[in-house]
Amino acid sequence: MVNRVGVLALQGNYNQHKRMLDVLGIKNILVQYPRELENCDLLIIPGGESTAISKQIERNDFRHSILNFAKTNSVFGTCAGMILLSSSEEVANLKPLSIMDFIVDRNAFGRQIDSFSGDLCLEFDNTDSFNGLFIRAPKISQLGKGIKILATYKKQPVMITDGRHFATTFHPEIGGDCRIYEYIIGKINE
Amino acid sequence: MEQGTFEVKVGLAEMLKGGVIMDVTNAEQAQIAEDAGAVAVMALERIPSDIRSDGGIARMSDPIMIKNIQKTVSIPVMAKCRIGHFAEAQILESLEVDFIDESEVLTPADDNNHIYKHDFKIPFVCGARNLGEALRRIGEGAAMIRTKGEAGSGNIVEAVRHMRSIINEINIMSTLSQDQLMAQARDFQAPYFLVEQVAKIKKLPVPNFSAGGIATPADASLVMQLGAESVFVGSGIFKSEDPTSRAKAIVDSVTHYRDADKLAIASSGLKSAMKGLDISEIPKDQMLQERGW
């Protein structure tokens, strides 16, 4: 049961995630210290710059706490947050947490001029398409066993789950469509 | 699929919040910035304090220098064009920089018009000293505002003045009736729909960052607490005695801008900050913030 959501607030678009949760009436806090994870049952790692967020995870001793948290709780990563959840190879200034079994290519579409928005197909809701915003977005290059695809754009996976954790290459926090949050929280509550 | 829309442009600005954008003049400095945890770099040939002391005309940087920086780091790379110089902006767009700063730090190319930024696929950031100036720039298509401060001064007083002006004016807008908002739009010489939007959402319609005089971790904390969503540091890092330590300290101080214990640690043992200027030492005709219309 999701009683309280933590939004990792080290860098990036954490305030808009918070606003979406506020709209849905879900209790939430901005997490700046590892001890604040204690009373949360879902952690959102927002979009931002993956290298900047990764630095702050290391500098603020979050790594061990998030890995521990993820053993019994859910983590939801968007864009840079998804890169951090992945099992992609460690590079200079970026140490993924390897919480989920998939690999991404960073900035796979190119620079900002190649950023875009487009209609996504949600596997769990075929009533209406979802406007997905992709900002210097990563692309999923490899999916591990047990990973399920929850949304696609032009047949490419853009939202995935391993049953406990969730990740999107796009930004569900921008715009007013709350369906991604409703689905994830509903799934955890099942 | 839609590209270059206002939503997509503002999207990148949203991702840079809670971070530090650093002025760099070569690939080596860009690497120091990325290693420190910067969210983006601003590629320019001379940092503002050198532009100020060198005099002469300051123009867009050499594309080779910008490309070298793009090759070196994975974070977004921004570059500056002169106010109104849309040809420089077209060149920067062809280089695929991630953000263009139509900047008062360079010598203005047009004393009446700013660039019509909606014509470009790449987002623009522009400086502003008050709400009217911010809304005029957003009306022209800016996807991010930075308060101007006084670039290259190392003095935070102007950045504070401009951030307080914008926040105060936003607060006043939220108390006005429709007829008063129309009068306000007239006084601001800004589009009415933007004035109305600010009154309703009680913030700018695009992210609002701070720039122009930030030299210490405490300066960064100050402007963040006053309402900035991120900070630009120009001369403050690479004009200091130990840029690597100072860059990291300013990044950490933006992440924890309300935590005085963390700020105390970040402020410790940084060697000398840039020397800086009292605003009264700057001749009136050399005030960069006066540029922009």
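Look up: the structure comes first, before these words.
A brief report on the enclosed structure follows. (Residues numbered from 1 in each chain as written. Chains lettered and ligands numbered in written order. Predicted model: local features only at pLDDT ≥ 70, side-chain atom pairs only at ≥ 80, totals over all residues. Heavy atoms only, no water.)

Regarding the overall build of chain A
And then number 1: Helices and strands together make up the secondary structure of chain A, namely five helices and eleven strands.
And then number 2: Scaling as 2.2 N^0.38, a compact globule of 190 residues should have a C-alpha radius of gyration of about 16 Å, and chain A matches this with 15 Å.
And then number 3: In terms of overall dimensions, chain A has a C-alpha envelope of 40 × 40 × 30 Å along the principal axes.
And then number 4: Taken over 190 residues, chain A has a buried fraction of 60%.
And then number 5: In chain A, of all internal contacts separated by at least 6 residues, the share reaching a separation of at least 24 is 66%.
And then number 6: Here chain A has roughly 7600 Å² of accessible surface; of this, 46% comes from carbon and sulfur atoms.
And then number 7: Across chain A, 21 positive and 21 negative side-chain charges occur, with their mean positions spaced 3 Å apart. (Helix = DSSP H or I, 4+ residues; strand = E, 2+ residues; numbered from the N terminus. Rg over C-alpha atoms; globule rule 2.2 N^0.38 Å. Buried < 20%, exposed > 50% of the residue type's maximum accessible area, 1.4 Å probe, protein only. Contact = heavy atoms within 4.5 Å. Areas by Shrake-Rupley, 256 points an atom, 1.4 Å probe, with all protein chains shown as cover. Lys, Arg positive; Asp, Glu negative; His and termini not counted. Charge placed at Lys NZ, Arg CZ, Asp CG, Glu CD.)

Observations concerning the nonpolar core
What tends to happen in soluble globular proteins is that the nonpolar side chains get buried as a cluster.
All names here are of chain B.
And then number 1: Judged by nonpolar contacts, the single largest core of 47 residues is most densely connected at Met22, Ile69 and Leu92.
And then number 2: Contact partners of Met22, with chain neighbours within four places excluded, come to Ala33, Ala36, Ala38, Ala40, Val41, Met42, Val233, Ile237, Ala247 and Val251.
And then number 3: By size, the runner-up hydrophobic cluster in this structure holds 44 residues, among which are Val10, Leu135, Ile170 and Val198. (Core = buried A, V, L, I, M, F, W, Y, C linked by side-chain atoms within 4.5 Å.)

Observations concerning the interface of chain B and chain A
And then number 1: With 39 residues of chain B in contact, the opposing surface of chain A contributes 36 residues.
And then number 2: Taken together, the two surfaces of chain B and chain A that pack against each other cover about 3100 Å², and 49% of this comes from carbon and sulfur.
And then number 3: One can count three salt bridges joining chain B with chain A.
And then number 4: Residues B:Asp98 and A:Arg136 are paired through a salt bridge, measuring 3.3 Å at the closest nitrogen-oxygen approach.
And then number 5: The interface formed by chain B and chain A includes 23 residue pairs in polar contact (both at pLDDT 80 or more).
And then number 6: Those elements that provide at least two residues to the side of chain B that touches chain A are strand S1 (2-3), helix H1 (6-15), helix H2 (27-36) and helix H12 (243-255) of chain B.
And then number 7: Looking at which element gives the most residues to the side of chain B that touches chain A, the answer is H1(B), with seven residues.
And then number 8: Counted by class, the side of chain B that touches chain A contains 13 nonpolar, eleven polar and 15 charged residues.
And then number 9: For strand S6 (residues 116-122) of chain A and S1(B), the ladder comprises two bridges, and the chain directions are antiparallel. Looking at S1(B), one finds that A:Ser117 is bridged to B:Glu2. (Buried area = accessible area lost by both parts, 1.4 Å probe. Salt bridge = Lys/Arg side-chain N within 4 Å of Asp/Glu carboxyl O. Polar contact = N/O pair within 3.5 Å; in protein donor to acceptor, adjacent residues only side chain to side chain. Nonpolar A, V, L, I, M, F, W, Y, C, P; charged D, E, K, R; others polar. Pairing = 2+ DSSP bridges.)

Some remarks on the pattern of salt bridges
One side chain can pair with another of opposite charge once the charged atoms of both are near each other.
And then number 1: If you walk through the whole model with that rule in mind, you get 28 salt bridges over all chains.
And then number 2: In this structure, the salt-bridge partner of A:Lys18 is A:Asp22, at a minimum N-O distance of 3.9 Å. Of this pair, A:Lys18 and A:Asp22 both sit in helix H1 (residues 14-23), separated by four residues, roughly a single helical turn.
And then number 3: Residue A:Lys18 is classed as partly exposed on the basis of its relative accessible area, which comes to 24%.
And then number 4: The partly exposed category is assigned to A:Asp22, whose relative accessible area is 44%.
And then number 5: The partner of B:Asp98 in a salt bridge is A:Arg111, and the shortest N-O contact between them spans 3.6 Å. Placement of B:Asp98 in the loop between helix H5 (86-94) and strand S5 (99-103) and of A:Arg111 in the loop between strand S5 (102-105) and S6 is noted, with the two residues assigned to different chains.
And then number 6: The network of salt bridges with shared partners includes B:Arg129, B:Glu133, B:Lys148, B:Lys284 and B:Glu290.

A word on the side chain of B:Lys148
Residue and element names in this part refer to chain B.
And then number 1: Tracing the backbone shows Lys148 in the loop between strand S7 (144-147) and helix H7 (157-173).
And then number 2: Its relative accessible area of 2% is what places Lys148 among the buried residues.
And then number 3: Once residues within four sequence positions are removed from consideration, Lys148 is found in contact with Glu104, Gly127, Ala128, Arg129, Glu133, His162, Ala211, Gly212, Gln289, Arg291 and Gly292.

What about unusual backbone geometry?
Residue and element names in this part refer to chain A.
And then number 1: Phi is positive for Arg136, which is not a glycine, with a value near 40°.
And then number 2: Mapped onto the elements, Arg136 comes out in the loop between strand S7 (125-134) and strand S8 (139-143).
And then number 3: Residue class for Arg136 comes out buried when judged on its relative accessible area of 6%.

Any link to function would need more than the numbers given here.
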